[in-house]
Amino acid sequence: MHKRTLALSLSPLLLLFCMGSTDCDAYSEVTVPTWDPSAPATYDGPWASGGFQVLAGPGESATYRITPGQQVLAISSALDDGGVRDVTMYATTAYVCCAGSICSRSDGSTRPITDSQPGGPGSTASNGLWVGTGVTLPTCRAGYSLASFVFSWQTVATNFSGVRATSKLHTIRYP
């Protein structure tokens, strides 16, 4: 059975996108070849208000400005004609809160989010996988206001032959 490790706080938004990480309308079942030398193609971007706000294909970068109170889903996905074995989102956050001229910075990495599917040469697998996580603006401590926020992520996808693709860096930022 397909293992899911998707971190979501915006699951209703996600349901509009796909009904499971291998059941997206854009994905189809394929037969895994003996050898697939082509790297998967990554397609990533912020999802809000019922659609992708920016969609970055292979070699492209997505940048999106989030507004206060807005909920955004950062999506990492990949497609490969021979099937995608796994897709992982690596993300970091950084934000600055200020009270007048006194500011404090918080930053760090989030835990990688991975989805994978079983398979091997001759088996049937999905040609695509995706993962996502909810992004909202952080709340500063009393007396401080948010000066800046950056959520950055990158996608790494691997096909069943072990050929890997890494996306460019994507960002959701404020202001």
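Being a predicted model, the structure only gives us computed values, none of them experimental.

Asks: Would you explain the nonpolar core in this entry?
Replies: The nonpolar side chains of soluble globular proteins are, as a tendency, buried together. Residues Ile 66, Ala 74, Val 135, Phe 149, Phe 151, Trp 153 and Ile 172 are the most contacted members of the largest nonpolar core, which totals 23 residues. Membership of the second largest hydrophobic core comes to 5 residues, among which are Tyr 27, Trp 47, Ile 75 and Trp 130.

Asks: Where do I start with the side chain of Asn 127 in this structure?
Replies: Inspection of the secondary structure assignment puts Asn 127 in the loop between strand S9 (124-126) and strand S10 (128-135). By relative accessible area, Asn 127 is classed as buried at 10%. Here Ser 28 takes part through its backbone nitrogen, which lies 2.7 Å from a polar atom of the side chain of Asn 127. If near-sequence neighbours (up to four positions away) are discounted, Asn 127 is found in contact with Ala 26, Tyr 27, Ser 28, Val 30, Ala 78, Leu 79, Asp 80, Gly 83 and Val 84.

Asks: What is the right way to look at the state of the cysteines in this model?
Replies: Formally, a disulfide is one covalent bond, and it connects the sulfur atom of one cysteine to the sulfur atom of another. Under the definition given, this model contains 2 disulfides. Bridging Cys 97 to Cys 140, the disulfide has an S-S length of 2.0 Å. What sets the handedness of the Cys 97 and Cys 140 disulfide is the S-S torsion sign, and at about -75° it is left-handed. Placement of Cys 97 in strand S6 (residues 84-99) and of Cys 140 in the loop between S10 and strand S11 (145-159) is noted, with a sequence separation of 43 residues between them. Under the relative-accessibility criterion, Cys 97 is labelled buried at 5%. Residue class for Cys 140 comes out buried when judged on its relative accessible area of 14%.

Asks: I tried to follow the environment of Thr 155 on my own but got confused; where do I start?
Replies: Its location among the elements puts Thr 155 in strand S11. When its relative accessible area of 0% is taken as the criterion, Thr 155 is described as buried. Taking the C-alpha atoms as reference points, Thr 155 and Ile 75, separated by 80 residues in sequence, lie 9.0 Å from one another. Only 2.6 Å separates the side chain of Thr 155 from the side chain of Ser 76, close enough to count as a polar contact.

Asks: Where do I start with the pattern of salt bridges in this structure?
Replies: If the charged atoms of two oppositely charged side chains come close together, the side chains can form a pair. Per the stated rule, a full pass over the model turns up 2 salt bridges. With its nearest N and O atoms 3.2 Å apart, the salt bridge here joins Arg 85 to Asp 86. The class for Arg 85 is partly exposed, based on a relative accessible area of 31%. Looking at Asp 86, the relative accessible area reads 15%, which means it is buried. Arg 105 is the partner of Asp 107 in a salt bridge, and the nearest nitrogen-oxygen pair spans 3.6 Å. Comparing Asp 107 with Arg 105, the two get one shared label, exposed.

Asks: Can you help me understand the packing of aromatic side chains in this one?
Replies: Aromatic rings considered in pairs are described by the distance between their centres and by the relative angle of their planes. Taken as a whole and judged by the stated rule, the model has 2 aromatic pairs. Note on Trp 47 and Phe 52: the rings are 5.2 Å apart at their centroids and 90° apart in plane angle, and the pair reads as edge-to-face. For the ring pair Phe 151 and Trp 153, a centre distance of 5.8 Å and an interplane angle of 45° mean the geometry is tilted. On the basis of relative accessible area, Phe 151 is assigned to the buried category, the value being 4%. The exposure class assigned to Trp 153 is buried, which follows from its relative accessible area of 0%. Just above the ring of Tyr 144 sits the side chain of Arg 141; from NZ or CZ to the centre is 4.2 Å.

Definitions and limits used
- In every chain, residue numbers begin from 1 and rise along the written sequence.
- Totals for whole chains, interfaces and linings use all residues, but because this is a predicted model, local features are given only for residues with pLDDT of at least 70 and pairs of side-chain atoms are given and counted only at 80 or more.
- Hydrogens and water are ignored here; the side-chain numbers use all heavy atoms of the structure.
- Among the buried residues, those of types Ala, Val, Leu, Ile, Met, Phe, Trp, Tyr and Cys that are joined through side-chain atoms within 4.5 Å form a nonpolar core.
- We call a residue buried when its accessible area falls under 20% of the maximum for its residue type, exposed when it is over 50%, and partly exposed in between, using a 1.4 Å probe and counting protein chains only.
- Under the scheme used here, helices are H or I runs from DSSP no shorter than 4 residues and strands are E runs no shorter than 2 residues, and both carry numbers assigned from the N terminus.
- For this analysis, a polar contact is any N or O atom pair within 3.5 Å, provided that within protein one partner can donate a hydrogen and the other can accept it, and provided that sequence-adjacent residues contribute only side-chain to side-chain pairs.
- In what follows, a contact means two residues having at least one pair of non-hydrogen atoms within 4.5 Å.
- A pair of sulfur atoms, both from cysteines and within 2.5 Å, is called a disulfide here.
- By definition, a salt bridge exists where a carboxyl oxygen of Asp or Glu is found within 4 Å of a side-chain nitrogen of Lys or Arg.
- Only centres within 6.5 Å qualify two rings of Phe, Tyr or Trp (six-membered ring in Trp) as a pair; their planes then separate them into stacked at under 30 degrees, edge-to-face at over 60, and tilted for everything else.
- Throughout this description, the term charge over a ring refers to an Arg CZ or Lys NZ atom that lies within 6 Å of the ring centre and within 35 degrees of the ring normal.

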